[in-house]
Amino acid sequence: MTKSSNSWRPATQLVHGGTLRSQYGEMSEAIYLTQGFVYENSEAAEARFKGETEGFIYARYGSPTNDMFEKRMCMLEGAEDARATASGMAAVTAAILCQLKAGDHIVAARALFGSCRWVVETLAPKYGIDCTLVDGRFLENWEKAITPKTKVFFLESPTNPTLEVVDIAGVARLANQVGAKVVVDNVFATPLFQKPLELGAHIVVYSATKHIDGQGRCLGGVVLSDKAWIDENLHDYFRHTGPAMSPFNAWTLLKGVETLPLRVKQQTENAAKIADFLAEQKQVAKVIYPGRKDHPQADIIAKQMTGGSTLVCFEMKGGKEAAFKLQNALDVVTISNNLGDTRSLITHPATTTHKNLTDEARTELGISPGTVRLSAGIEDTQDLLEDFAKALAQVAA
């Protein structure tokens, strides 16, 4: 039995969507830990390989557990089809490279996670694919970068770690004018607060390691789009290069998404209150948070996001020394470069996630020696505020 009602709201979709039960009627989704599948006879095997009958062939192509996770994510995202990958970076790389060839051109926002930037700036050119990085905040930069060979626009919004916002609908309009595809990394917004496909994007990618699992247990990624694009571009790339997700990880993520709305709600409430608290502290030079009216792009946020974020970016006066002193003095908040976890996590981008960028590139992105990124967890809000108050007092001492 498969449950797949598209009329359900997100909280219901994430508990029941795409559920496939075997003849045993198990309550929790089954983990199909098998690398292959058997056929009743030779004719059945031939028909399945020809695509004349439905069914699974090999776990690298798909499995019942992965299929449930993909269907559930499609319901949440409003996508026709999806492929689950071994990690978020596998999803990003597949979504970009599967549709390009030597001589093609990518326009990408310069404000990207370090590994994402490496894929478009370093890896793609090795295969003859050109890339232009732009300040994605301004649509005229995207337009100026277009060439006759532009095939892909790539962005994340809000960005990592400075929480800049890109006008997704505006970029999509430009892309449609030249027949290019827009790929959006939607990790920071989560599928609950932003729907890139509804805004005109063509492909959405996630690191499911983040909010979708959200409990520090496993890696995973997912690429979502319309079925025609996946059949034409991603299907063969996925089958032959092998970035498939493990069925065990798919099962873990199925359990994670059940509580996604509850976790993100608390994380966002905590992030907003911490952002407001930090904005009042004399040791903090500035705070960037999508839920605050003083965000530089509050007007775009109001148009394309239905919530703030679980992430807060702020800059400590005193640079790296003050940032390190703050992080080391925290007790409830944990130092880690992950995000979207039930635990509140903090990191210093210049020495971790964006360490491999040049000083000039970090400066362009607004990442200073004092920049700190906080991923709010689900802990008691007052405990988090008291933790920051105590740590800031030690910075001032």
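What you are looking at is a predicted structure, and each value in this text was computed from that prediction instead of being measured.

## Observations regarding the overall build of the protein chain
From N to C terminus, the protein chain includes 16 helices and twelve strands. Projected onto its principal axes, the C-alpha positions of the protein chain cover 75 × 50 × 35 Å. Pairs at least 24 residues apart make up 73% of the contacts formed inside the protein chain by residues separated by at least 6 positions. Per element, the accessible surface of the protein chain, about 17000 Å² overall, is 52% carbon and sulfur.

## A closer look at helix 16 (residues 381-396)
The α-helix advances 3.6 residues per turn, and as a result positions three or four apart in sequence lie on the same side. For helix 16, which comprises 16 residues, the first-to-last C-alpha distance of 23 Å matches the rise-based estimate of 22 Å (1.5 Å per residue) to within 8%. The secondary structure elements touched by the buried residues of helix 16 are helix 12 (260-279), strand 8 (284-288), strand 9 (311-316), helix 14 (319-329), strand 11 (345-347) and strand 12 (371-375). In this structure D380 caps helix 16, since a side-chain oxygen of it lies 2.9 Å from the backbone nitrogen of Q382.

## Considerations on the domain arrangement of the protein chain
On domain assignment, one finds that the protein chain holds domain 1 (17-30 + 57-256) and domain 2 (259-394). Taken together, the contact between domain 1 and domain 2 spans 39 residues of the former and 41 residues of the latter. Carbon and sulfur atoms make up 60% of the area that domain 1 and domain 2 hide from each other, which totals about 3100 Å². When the area that domain 1 buries against domain 2 is broken down by residue, the three leading residues are L163, F193 and H211, summing to 23%. Our count for the domain 1 to domain 2 interface comes out at one salt bridge. Between K303 and D167 there is a salt bridge whose closest N-O contact spans 3.9 Å. Connecting domain 1 to domain 2 are 18 residue pairs in polar contact (both at pLDDT 80 or more). Of all the secondary-structure elements, those providing two or more residues to the side of domain 1 that touches domain 2 are helix 5 (114-126), helix 7 (168-178), helix 8 (190-193), helix 9 (209-213) and helix 11 (247-257). Class assignment of the residues belonging to the side of domain 1 that touches domain 2 gives a composition of 19 nonpolar, twelve polar and eight charged.

## Quick notes on the state of the cysteines
All chains considered together, the criterion is met by zero disulfides. C74 provides the cysteine sulfur closest to C218, a residue in no disulfide bond, and the two sulfurs are 18 Å apart.

## Considering a nonpolar patch on the surface
The grouping of I31, L33 and F248 at the surface amounts to a nonpolar patch, some 290 Å² of accessible area in total. The residue F248 is located in helix 11 in this model. Using a relative accessible area of 42% as the deciding quantity, one classes F248 as partly exposed.

## Description of the sheet that holds strand 6 (residues 203-207)
With respect to topology, seven strands assemble into an open sheet ordered 1-7-6-5-4-2-3, the strand pairing being mixed. Two strands close off the open sheet at either side, each with one partner strand: strand 1 (81-85) and strand 3 (130-134). Averaged over all pairs of adjacent strands, the angle between their axes in this sheet comes to 20°, without regard to strand direction. Judged from the four bridges that link them, strand 6 and strand 7 (residues 221-225) form a sheet pairing that is antiparallel. When the bridges of strand 7 are listed, V204 appears paired with L224.

## What to know about the UniProt feature "modified residue: N6-(pyridoxal phosphate)lysine" (unreviewed entry) in the protein chain
UniProt feature "modified residue: N6-(pyridoxal phosphate)lysine" (unreviewed entry): in the numbering of this structure it lies at K210. Tracing the chain through its elements places K210 in helix 9. In this structure, K210 is in contact with V187, N338, L339 and G340, ignoring residues within four places of it in sequence.

## What to know about the pattern of salt bridges
A side chain with one charge may pair with a side chain of the opposite charge, provided their charged atoms come close. Within this structure, the stated rule accounts for 20 salt bridges. Its salt-bridge partner being R72, residue E29 comes within 2.9 Å of it at the nearest N-O pair. Of the two residues, E29 is situated in the loop between helix 1 (10-16) and helix 2 (42-50) and R72 in helix 3 (residues 64-77); the sequence distance between them amounts to 43 residues. On the basis of relative accessible area, R72 is assigned to the buried category, the value being 0%. A salt bridge links D213 to R217; its shortest N-O distance comes to 2.7 Å. Here D213 falls in the buried class, since its relative accessible area comes to 0%. One salt-bridge network, in which partners are shared between bridges, spans E29, R72, K255 and E258.

## Details of helix 10 (residues 227-241)
Over its 15 residues, helix 10 extends 19 Å from the first C-alpha to the last, a length consistent with the 21 Å expected when each residue adds 1.5 Å. Along helix 10, the sharpest kink reaches roughly 50°, centred on L234. Along helix 10, the residues classified as buried are W229, I230, N233, L234, F238 and R239. Of the surrounding elements, those touching the buried residues of helix 10 are strand 1, helix 4 (88-97), strand 5 (181-185), strand 6 and strand 7.

## Some remarks on the packing of helix 4 against helix 5
As a packed pair, helix 4 and helix 5 sit with axes 10 Å apart at the nearest point and diverge in direction by 35°. Judged by the sense of rotation from one axis to the other, the crossing of helix 4 with helix 5 is right-handed. Contacts from M89, V92, T93, I96 and L97 of helix 4 reach helix 5 at S115, C116, V119, V120 and L123.

Rules used in this analysis
- Residues numbered from 1 in each chain as written.
- Predicted model: local features only at pLDDT ≥ 70, side-chain atom pairs only at ≥ 80, totals over all residues.
- Heavy atoms only, no water.
- Helix = DSSP H or I, 4+ residues; strand = E, 2+ residues; numbered from the N terminus.
- Contact = heavy atoms within 4.5 Å.
- Areas by Shrake-Rupley, 256 points an atom, 1.4 Å probe, with all protein chains shown as cover.
- Expected span 1.5 Å × (residues − 1).
- Polar contact = N/O pair within 3.5 Å; in protein donor to acceptor, adjacent residues only side chain to side chain.
- Domains from an automatic or database assignment.
- Buried area = accessible area lost by both parts, 1.4 Å probe.
- Salt bridge = Lys/Arg side-chain N within 4 Å of Asp/Glu carboxyl O.
- Nonpolar A, V, L, I, M, F, W, Y, C, P; charged D, E, K, R; others polar.
- Disulfide = S-S within 2.5 Å.
- Patch = residues over 30% accessible without salt bridge, like charges linked within 9 Å, V, L, I, M, F, W, Y side chains within 5 Å.
- Buried < 20%, exposed > 50% of the residue type's maximum accessible area, 1.4 Å probe, protein only.
- Pairing = 2+ DSSP bridges.
- Axes fitted to C-alpha atoms, helices over the stretch in contact; angles between N-to-C directions.
- UniProt positions renumbered as here; feature names shortened; annotations may be inferred.
- Bend = angle between axes of the 7 residues up to and from the residue.
- Left-handed = near helix turned anticlockwise from the far one by under 90°.

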